[in-house]
Amino acid sequence: MKLILLAAPGAGKGTQAEKLSANFGIPQISTGAILRKNIADGTELGVTAKSYIDGGKLVPDDVMIGIVTERLKEDDCKNGFILDGFPRTLAQAEALDKSDVVIDKVLTIEVDDAKIIERLSGRLECKGCGTTFHKLYRVPAKEGVCDNCGGELITRADDKPETIKNRLDVYHTQTEPLKDYYKAQGKLAVAYGQEKIEDTTAEVLAALK
Ligand code: AP5
Ligand code: MG
């Protein structure tokens, strides 16, 4: 299964990719997580990416295409993968189509903007392993501590109200048109985000059948 998750910020790409990765035994490739790791490690890429991410803007296409092309060549991608956060522009989608990677399905998760703002405002993310929690919807067993690795839970720098608004604007103008691009290829599957994470997982699995 070579799958793309194409959905708005906060729609639950990361949350559902974690479930699908366990379910299908294929890696989750989150471009956002790769960039945040580089920011934390202070790499050259991290320094470049930070200014874009903090403003809610997209990192330039050539940078992202290079990162993903290299990542997909790794051994663990042989039997499939879940792309979480790539492609996000027409240029990225076209670059993927020009490579020798053949995508099976593109899954979108529909969630309205008001719900997204509520979700991102309450999100917590593990500084160590990147697992996502929520103050109301996915509460960690111990406050401030990751259930998965014991790491510290923090609020992402781009989850400030004004940055969330920019990210949503970027999604609607630059990324959402890709739904039509993949619909025309007969690859688009649609799931509707539910109030509970496990109900959304059921929707997602049904949409992928
Ligand atoms: P990225 O990290 O991909 O961020 P994003 O697309 O904005 O998406 P999020 O990670 O914020 O949301 P999500 O859909 O994963 O939702 P989550 O599962 O956490 O990218 C960050 C930045 O990197 C970009 O802005 C850009 O600058 C740059 N970048 C990355 N890729 C790029 C590319 N290809 N090109 C250019 N630039 C790129 O869920 C959200 C919250 O809701 C959580 O707290 C969760 O617990 C909760 N939740 C989830 N589902 C439910 C539910 N059903 N009910 C209740 N709560 C739920
Ligand atoms: Mg995510």
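Residues numbered from 1 in each chain as written. Chains lettered and ligands numbered in written order. Predicted model: local features only at pLDDT ≥ 70, side-chain atom pairs only at ≥ 80, totals over all residues. Heavy atoms only, no water.

**Q** Can you explain the nonpolar core? Please cite residues and give values.
**A** Formed by 22 residues in total, the largest nonpolar core has its most connected members in Ile4, Leu72, Phe81, Leu83, Leu96 and Tyr182. Only helix H3 (44–54), helix H4 (61–72), strand S3 (81–84), helix H5 (90–98) and helix H8 (178–184) provide two or more residues apiece to this core. At 4 residues, the largest contribution of residues to this core is made by H4. If we ignore the near neighbours within four places in the chain, the residues touching leucine 83 are Leu3, Ile4, Leu5, Ile29, Val68, Leu72 and Leu96. By size, the runner-up hydrophobic cluster in this structure holds 21 residues, among which are Leu5, Ile82, Ile116 and Tyr171. (Core = buried A, V, L, I, M, F, W, Y, C linked by side-chain atoms within 4.5 Å. Buried < 20%, exposed > 50% of the residue type's maximum accessible area, 1.4 Å probe, protein only. Helix = DSSP H or I, 4+ residues; strand = E, 2+ residues; numbered from the N terminus. Contact = heavy atoms within 4.5 Å.)

**Q** So what's going on with the packing of aromatic side chains? Residues and values would help.
**A** On inspection of all chains with the given rule, the structure shows 1 aromatic pair. Between tyrosine 181 and tyrosine 182, the ring centres sit 5.0 Å apart and the planes meet at 90°, which makes this aromatic pair edge-to-face. Over the aromatic face of phenylalanine 133 sits the side chain of arginine 138, whose NZ or CZ is 5.1 Å from the ring centroid. (Phe/Tyr/Trp six-rings, centres within 6.5 Å; stacked < 30°, edge-to-face > 60°. Lys NZ or Arg CZ within 6 Å of the ring centre and 35° of its normal.)

**Q** So what about the sheet that holds strand S1 (residues 2–5)? Which residues, and what values?
**A** Taken in spatial order, the 5 strands make up an open sheet running S2-S3-S1-S4-S8, and their pairing is parallel. The sheet is open, and its two borders are formed by strand S2 (28–30) and strand S8 (188–192), each paired with just one other strand. Between one strand axis and the next, the sheet turns through 25° on average, direction left out of account. Sheet strands in contact with helix H2 (residues 31–41) are S2 and S3, and its direction is about 60° off that of S2. (Pairing = 2+ DSSP bridges. Axes fitted to C-alpha atoms, helices over the stretch in contact; angles between N-to-C directions.)

So, to be careful, I would describe these as geometric facts and stop short of saying anything about function.
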